[in-house]
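Listed below, chain by chain, are the residues.
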Amino acid sequence: MDGLLTYDSVEICYNGNPVVQDISFSLKPGEILGVAGESGSGKSTMIRAALGILGQEGMVTRGDIWFEGKNLPDLPEKEMEQIRGARIGMIFQDTGASFCPIRTIGSQLHEALDAHEKVTRKESDSRALELLEKLGLPDGRRILDSYPFQLSGGMNQRVGIAAAMLLNPVVLLADEPTSALDVTVQRQAVEEMLLMRQLYGTAIILVTHNIGVIEAMADSVLVLREGHMVEYGPAAQVLGAPQNAYTRELLAAVPRLRREQPGG
């Protein structure tokens, strides 16, 4: 499989027990892949493996994860540090909670940028303000000068999504980025991620149990059940005419969050 990020027969174990088995897919530049499945199906584990953040007990025990000609599980930590954030970004379920409560958003964004490319605070603020404006986040200066507790949970999450894009990674791994949000903010977050793809050509792997969000965003869909792939293909095919009974069950059980049509 030839793609930007390719999983080839990947198995992931925790303490020697396989939790994800025989996963193969290929993410193309600019593609959005939705990964669906119930809690505990291995969705988050699958994407965390790409960044080498499985913790002490977890490891890729079979297969390869190829990115820009390199097999990620084989890379030394020093090299992974250069890829993490700068080439492959990550949005966590509660990104807002990962902000330090006693430092301003602006100082934390500067620190994240400065770790990969030496920039002044003025330069990082300028880049952050430009990105926040592009993403339709109101009053960027106030956001940068705020402490996390001064912003709503939904705003913290949207700023977290923007923060993941500051280094302009070519791949964004989004781990349940909308699950803690109400429906209005969910839609804003979805539009924000779609806009990043439009502006920067970012490829995204979107992990969620919310098929409605996948329906609103994804070009292709991978369905996981108990660590196994049960279906993988173009979104229209998987969502419109699922071949697997489990996929049909998932689709029957969820509310919809449709992408608004232009002018609609």
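Structural notes, computed from the coordinates. (Residues numbered from 1 in each chain as written. Predicted model: local features only at pLDDT ≥ 70, side-chain atom pairs only at ≥ 80, totals over all residues. Heavy atoms only, no water.)

### A closer look at the sheet that holds strand β5 (residues 70-71)
And then number 1: Read from one edge of the open sheet, 4 strands run β2-β1-β4-β5, paired in antiparallel fashion. Looking along the sheet, the strands with just one partner apiece sit at the ends: β2 (17-27) and β5.
And then number 2: Alignment of strand β4 (residues 58-67) against β5, held across 2 bridges, turns out to be antiparallel. The residue of β5 that forms the bridge with tryptophan 66 is asparagine 71.
And then number 3: Contacts from helix α1 (residues 43-51) reach β1 (5-14), β2 and β4 within the one sheet, and its direction differs from that of β1 by about 110°. (Pairing = 2+ DSSP bridges. Helix = DSSP H or I, 4+ residues; strand = E, 2+ residues; numbered from the N terminus. Contact = heavy atoms within 4.5 Å. Axes fitted to C-alpha atoms, helices over the stretch in contact; angles between N-to-C directions.)

### With respect to the pairing of β1
And then number 1: Burial runs high along β1: 7 of the 10 residues are buried.
And then number 2: Where β1 and β2 come together, 7 bridges link them in antiparallel fashion. By the bridge assignment, isoleucine 12 is partnered in β2 with valine 20.
And then number 3: Counting the residues that bridge the hairpin from β1 to β2 gives 2 residues, and of these asparagine 15 lies at a positive phi of roughly 50°.
And then number 4: Across 8 bridges, β1 lies against β4 in antiparallel orientation. Of the residues in β4, the one forming a bridge with glutamate 11 is arginine 62. (Buried < 20%, exposed > 50% of the residue type's maximum accessible area, 1.4 Å probe, protein only.)

### Let's talk about the packing of helix α6 (residues 153-165) against helix α7 (residues 183-200)
And then number 1: Contact pair α6 / α7: the axes reach a minimum separation of 10 Å and the direction vectors enclose 15°. By the angle between their directions, the pair α6 and α7 is classed as roughly parallel. Regarding α6 and α7, the two cross each other, and that crossing is right-handed. Contacts between α6 and α7 involve Gly154, Arg158, Ile161, Ala162 and Met165 from the former and Val185, Gln188, Ala189, Glu192, Met193, Met196 and Tyr200 from the latter.
And then number 2: Looking at the contact of α6 with α7 residue by residue, the class counts come to 8 nonpolar, 2 polar and 2 charged. (Parallel < 35°, antiparallel > 145°, perpendicular 65-115°, else oblique. Left-handed = near helix turned anticlockwise from the far one by under 90°. Nonpolar A, V, L, I, M, F, W, Y, C, P; charged D, E, K, R; others polar.)

### Looking at unusual backbone geometry
And then number 1: For aspartate 22, which is not a glycine, the phi torsion comes out positive at approximately 55°.
And then number 2: As for its placement among the helices and strands, aspartate 22 is situated in strand β2.

### Description of the nonpolar core
And then number 1: One finds Ile105, Ile143, Met193, Leu206, Met217 and Val221 to be the most contacted residues of the largest nonpolar core, which totals 49 residues.
And then number 2: Formed by 33 residues, the second largest nonpolar core is a distinct cluster that contains Leu4, Ile83, Met90 and Ile205. (Core = buried A, V, L, I, M, F, W, Y, C linked by side-chain atoms within 4.5 Å.)

### What about the layout of surface pockets?
And then number 1: In this model, the largest pocket occupies a volume close to 600 Å³.
And then number 2: By residue number, the principal contributor to the lining of the largest pocket is helix α3 (residues 105-114), which donates 5 residues.
And then number 3: Residue composition of the lining of the largest pocket, grouped by class: 13 nonpolar, 7 polar and 3 charged.
And then number 4: Quantified by volume, the second largest pocket comes out at close to 220 Å³.
And then number 5: Lining the second largest pocket are 15 residues, with Gly52, Leu72, Pro73, Leu75 and Met80 positioned closest to its centre.
And then number 6: Taken together, the elements giving at least two residues each to the lining of the second largest pocket come down to α1, β4 and α2 (77-83). (1 Å grid on protein atoms, 1.4 Å probe; cavity = no way out; pocket = protein on both sides within 12 Å on 5 of 7 lines; lining within 4 Å. Points joined across faces, edges and corners; volume = space filled by probe spheres on them.)

### Quick word on the pattern of salt bridges
And then number 1: In total, this model carries 16 salt bridges according to the counting rule given.
And then number 2: Ionic pairing is found between arginine 48 and aspartate 175, a salt bridge with its closest N-O pair at 3.9 Å. Highlighted residues: arginine 48 in helix α1 and aspartate 175 in strand β7 (residues 171-175), separated in sequence by 127 residues.
And then number 3: By relative accessible area, which is 27% here, arginine 48 ends up partly exposed.
And then number 4: Between arginine 127 and glutamate 117 there is a salt bridge; the shortest N-O distance is 2.8 Å. Of the two residues, arginine 127 is situated in helix α4 (residues 121-134) and glutamate 117 in the loop between α3 and α4; the sequence distance between them amounts to 10 residues.
And then number 5: Its relative accessible area of 27% is what places arginine 127 among the partly exposed residues.
And then number 6: Residues joined in a network through salt bridges with shared partners are Arg121, Asp125, Arg141 and Asp145. (Salt bridge = Lys/Arg side-chain N within 4 Å of Asp/Glu carboxyl O.)

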